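Observations on chain architecture
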Amino acid sequence: MGASLSDLDGEDEFGEAHEINVTPFIDVMLVLLIIFMIAAPLSTVDLPVDLPSSTATPQKKPDKPTYVTIKSDLAVAIGETQIKRIDLVKALDAAPDQGKDRRIFLRADKAVPYGELMDVLERLRAGGYLKVALVALEGVPEAAILQAPDSK
């Protein structure tokens, strides 16, 4: 049993198709969509900070949060812009369309001494920024760690 794809006239060629084949176009668009969905979260580069963990329930972030970061070398940055500690309040005041009643998210590396963290908090308080939230990584509650059976 065999089948022939040729016409009865003996032509071995197919007729020309005048329609656009959109299947390859759709495939390319789906691949590009997946690439952009994966790459978009990676494009928000932050300063590398080794944050401590916390078991508190996470709070909702505002649309445009203001991050003040203390890096392990004790340098202070607003967002990704490094500034001097003396200019911290001036730089926050210079931000357009944001007042002193906004929430400031303070991040500090694990290696930062407590006194340095308190110095930055005191500068913010003296500058009129009273809504300061400390940022930490989400962690496992310590009680759960203590109650876990030993895996020996």
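Here's the deal with the sheet that holds strand β4 (residues 81–83)
A sheet is described by the order of its strands in space; here five strands give the open sequence β4-β3-β2-β5-β6, paired in mixed fashion. The open sheet has two free edges, formed respectively by β4 and β6 (132–134), since each of these has just one partner strand. Looking at each pair of strands side by side, their axes are set apart by 30° on average, direction ignored. In the sheet, strand β3 (residues 76–78) pairs with β4 via three bridges, with the strands oriented antiparallel. Each bridged residue has a counterpart across the sheet, and for Ala 77 the counterpart in β4 is Gln 82. The sheet contacts of helix α3 (residues 114–126) involve β2 (66–70), β3, β5 (104–108) and β6, and relative to β5 the element is tilted by about 165°.

Some remarks on the environment of Lys 100
Tracing the backbone shows Lys 100 in the loop between α2 (88–93) and β5. Sequence-wise, Lys 100 and Val 89 are 11 residues apart; in three dimensions their C-alpha atoms are separated by 9.9 Å. Once residues within four sequence positions are removed from consideration, Lys 100 is found in contact with Val 89, Asp 93, Gly 127, Gly 128 and Tyr 129. Within the local environment of Lys 100, its side chain forms a polar contact with the backbone oxygen of Gly 127, the two atoms lying 2.5 Å apart.

Brief notes about the side chain of Arg 102
Relative to the helices and strands, Arg 102 is located in the loop between α2 and β5. Nearest to the buried, unbridged Arg 102 among oppositely charged side chains is Asp 93, at 5.9 Å. A distance of 2.7 Å separates the side chain of Arg 102 from the backbone oxygen of Leu 92, its partner in a polar contact.

A word on the pairing of β2
When you tally the buried positions in β2, you get five out of five residues, the bulk of the element. Neither face of β2 is open: one carries Thr 66, Val 68 and Ile 70, the other Tyr 67 and Thr 69, and all of them are buried. Summarising the sheet, β2 and β5 pair through five bridges and their orientation is parallel. Across the sheet, Thr 66 pairs through a bridge with Ile 104, a residue of β5. The pairing of β2 with β3 spans three bridges and is classified as antiparallel. Within β3, the residue paired with Ile 70 across the bridge is Val 76. Between β2 and β3, which pair antiparallel and follow one another directly, the connecting turn spans five residues, one of which, Leu 74, has a positive phi of 70°.

Here we look at α3
Between its first and last C-alpha atoms α3 spans 18 Å; for 13 residues at 1.5 Å apiece the expected length is 18 Å, and the two agree. Among the residues of α3, Leu 117, Val 120 and Leu 124 are the ones counted as buried. Down the axis of α3, the buried side of the element spans an arc of 65°, and every buried residue falls inside it. Facing away from the buried surface of α3 by more than 90 degrees, the exposed residues are Tyr 114 and Ala 126. The secondary structure elements touched by the buried residues of α3 are β2, β3, α2, β5 and β6. Backbone geometry just after α3 places Gly 128 at a positive phi near 100°.

Rules of the game
Residues numbered from 1 in each chain as written. Predicted model: local features only at pLDDT ≥ 70, side-chain atom pairs only at ≥ 80, totals over all residues. Heavy atoms only, no water. Pairing = 2+ DSSP bridges. Helix = DSSP H or I, 4+ residues; strand = E, 2+ residues; numbered from the N terminus. Axes fitted to C-alpha atoms, helices over the stretch in contact; angles between N-to-C directions. Contact = heavy atoms within 4.5 Å. Polar contact = N/O pair within 3.5 Å; in protein donor to acceptor, adjacent residues only side chain to side chain. Buried < 20%, exposed > 50% of the residue type's maximum accessible area, 1.4 Å probe, protein only. Lys, Arg positive; Asp, Glu negative; His and termini not counted. Salt bridge = Lys/Arg side-chain N within 4 Å of Asp/Glu carboxyl O. Expected span 1.5 Å × (residues − 1). Arc of directions from axis to C-beta.

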